[in-house]
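Residue-level structure breakdown
Listed below, chain by chain, are the residues.
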Amino acid sequence: MSDPVFLRACRGEEVSHVPVWFMRQAGRSLPEYRALRGTGSILDAIADPALACEVTMQPVRRYGVDAAILFSDIVVPYHAIGFGVDVVPGRGPVIAAPFATESDLERLRDLEDEDIAHVTRTVDLVMAELDASTTPLIGFAGAPFTVASYLVEGAPTRDFAIIKSLMHSDPALFDRLLERLVAITVSFLRAQVAHGASAVQLFDSWAGSLTRDEYERFALPATQRVLAGIADLDVPTILFGVGTGELLDLMSRAGSSVMGIDWHVDLDAGRRRVGDKPVQGNLDPARCLSGVELGVEAAREVLVRAGNEAGHIFNLGHGVLPSTDPAVLEAVVRVVHEEGKAGVR
Ligand code: CP3
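Rules behind the numbers
- Residues numbered from 1 in each chain as written.
- Predicted model: local features only at pLDDT ≥ 70, side-chain atom pairs only at ≥ 80, totals over all residues.
- Heavy atoms only, no water.
- Helix = DSSP H or I, 4+ residues; strand = E, 2+ residues; numbered from the N terminus.
- Polar contact = N/O pair within 3.5 Å; in protein donor to acceptor, adjacent residues only side chain to side chain.
- Contact = heavy atoms within 4.5 Å.
- Core = buried A, V, L, I, M, F, W, Y, C linked by side-chain atoms within 4.5 Å.
- Buried < 20%, exposed > 50% of the residue type's maximum accessible area, 1.4 Å probe, protein only.
- Near = heavy atom within 4 Å.
- Nonpolar A, V, L, I, M, F, W, Y, C, P; charged D, E, K, R; others polar.
- Phe/Tyr/Trp six-rings, centres within 6.5 Å; stacked < 30°, edge-to-face > 60°.
- Pairing = 2+ DSSP bridges.

**Considerations on the side chain of Arg 180**
Within the fold, Arg 180 resides in helix H9 (residues 171-194). A distance of 2.8 Å separates a polar side-chain atom of Arg 180 from the backbone oxygen of Leu 108. Those residues within four positions of Arg 180 in sequence are excluded, and the remaining contacts are Leu 105, Leu 108, Arg 109 and Asp 110.

Dropping the structure here:
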């Protein structure tokens, strides 16, 4: 059992303890992050490799999690090719000129290594600091549908009205858009792995806004192509979306090695729906807001549903909320390491 527990759990192997990391662990809930970050766009912080490396390392040091996740964002490659993206604090990605017509395809050229030299430099710095023999680095990207929703809507949305209009009224243009996003996503992930990321997560955060038919027609094929495009790299892949309980069986056909289960779904039920592949999840981040004792109690509920069978990576069922007290996450890591049973020999 010499390789990292996180990677072993991703492959469904026995582990010395259940691995844990937290989506959005690198960032706004940590006082040491806020002290370092100052004001200004997060894209500027990401463009500074020394800073981005430090932010990546902060949660590893404080929480003792079993994996680091690169401090970056799903819109980084699109910003890098000049699509015109900013990330507004408290709101999210905003696009100056949203994708609307065929001529906008030209604004989505292939991603070249030079475009993301700042990202791969950050990965290099992290690899020099991290003990990847115990704590590997996770790279990530947005899945094509979720990225498309930002590029087309132009800002975070609740109803996904514009992207749904596009997909149903001009499916051919929608397909060409997703084809561009697949190419860019594959390049972005391959670059992170080439520089040392040992696993990747695809965030299809907003897949849960789709019906089953829509998911199968408009999101699944592109996600499948992304995963096929990195299959030769032989790193574990995690696919995650929010509110995807009705889609988990379809999503698991995309070909990831691990399925992320969001907090709406009981972990044991989720695991059955994905056909028994390793699962990651799924403590409701809101249950980490009421102190250590209640946070630990909620984590124990997840551990019970995870059972004894190998193939569980403990995580939240969506990202860490900004107002989370780091002491709660510290306690959650402790209880998972001490009491988690899935695959523990
Ligand atoms: O997980 C980590 O700790 C690594 C860092 C990370 C960020 N974004 C940094 C960030 C990751 C994995 C992401 C992914 C991401 N970005 C997703 C998928 C994950 C999810 O939550 O479903 C999405 C949808 C985005 C787009 C995005 N970027 C949103 C919705 C926001 C929130 C806006 C806000 O301020 O509430 C961002 C900004 C962002 N990305 C922050 C961080 C730490 C917060 C803003 C800041 O610190 O300036």
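**Regarding the nonpolar core**
Judged by nonpolar contacts, the single largest core of 128 residues is most densely connected at Phe 6, Phe 99, Leu 108, Tyr 215 and Phe 314. Setting aside anything within four residues of it in sequence, one finds Leu 108 in contact with Tyr 78, Ile 81, Phe 83, Phe 99, Leu 151, Leu 177, Arg 180, Leu 181 and Ile 184.

**Some thoughts on the site of the ligand**
Near the ligand there are 26 residues, and of these Ala 26, Tyr 33, Arg 37, Gly 90 and Ser 205 occur at the shortest range. Between Ala 26 and the ligand, the recorded distance is 2.7 Å, taken from a backbone N or O atom to an oxygen atom. Tyr 33 is positioned such that a nitrogen or oxygen atom in its side chain is 2.6 Å from an oxygen atom of the ligand. Of all the secondary structure elements, the ones that give two or more residues to the shell around the ligand are helix H2 (31-37) and strand E3 (92-95). Considering only residue class, the shell around the ligand consists of 15 nonpolar, 6 polar and 5 charged.

**Description of the packing of aromatic side chains**
Applying the stated criterion across every chain yields a total of 5 aromatic pairs. Between Phe 174 and Phe 218, the ring centres sit 5.4 Å apart and the planes meet at 85°, which makes this aromatic pair edge-to-face. In this pair, Phe 174 sits in helix H9 while Phe 218 sits in helix H10 (residues 212-229), placing the two residues 44 residues apart along the sequence. The class of Phe 174 is buried, set by a relative accessible area of 0%. A relative accessible area of 8% means that Phe 218 is categorised as buried. With centroids separated by 6.3 Å and ring planes inclined at 85°, the aromatic side chains of Phe 203 and Phe 240 adopt a geometry described as edge-to-face. Of this pair, Phe 203 sits in strand E5 (residues 199-203) while Phe 240 sits in strand E6 (residues 237-240), and the two are 37 residues apart along the sequence. Residues Phe 203 and Phe 240 agree in their burial class; the two are buried.

**Side note on the pairing of E3**
Relative to E3, strand E2 (residues 85-88) runs antiparallel, the two sharing 4 bridges. Bridge pairing in E3 places Val 88 opposite Gly 92. Counted along the chain from E2 to the antiparallel partner E3, the turn is 3 residues long, and its residue Gly 90 has a positive phi close to 80°.

**Let's talk about the sheet that holds strand E8 (residues 279-283)**
Strand order in the open sheet formed by 7 strands is E1-E4-E5-E6-E7-E8-E9, and the pairing between neighbours is parallel. The open sheet is flanked by strand E1 (68-69) and strand E9 (312-316), the only strands paired with a single partner. Pairing of strand E7 (residues 258-260) with E8, which is carried by 2 bridges, proceeds in the parallel orientation. Across the sheet, the residue bridging to Met 259 is Val 279, located in E8.

Structural measurements only, silent on function.
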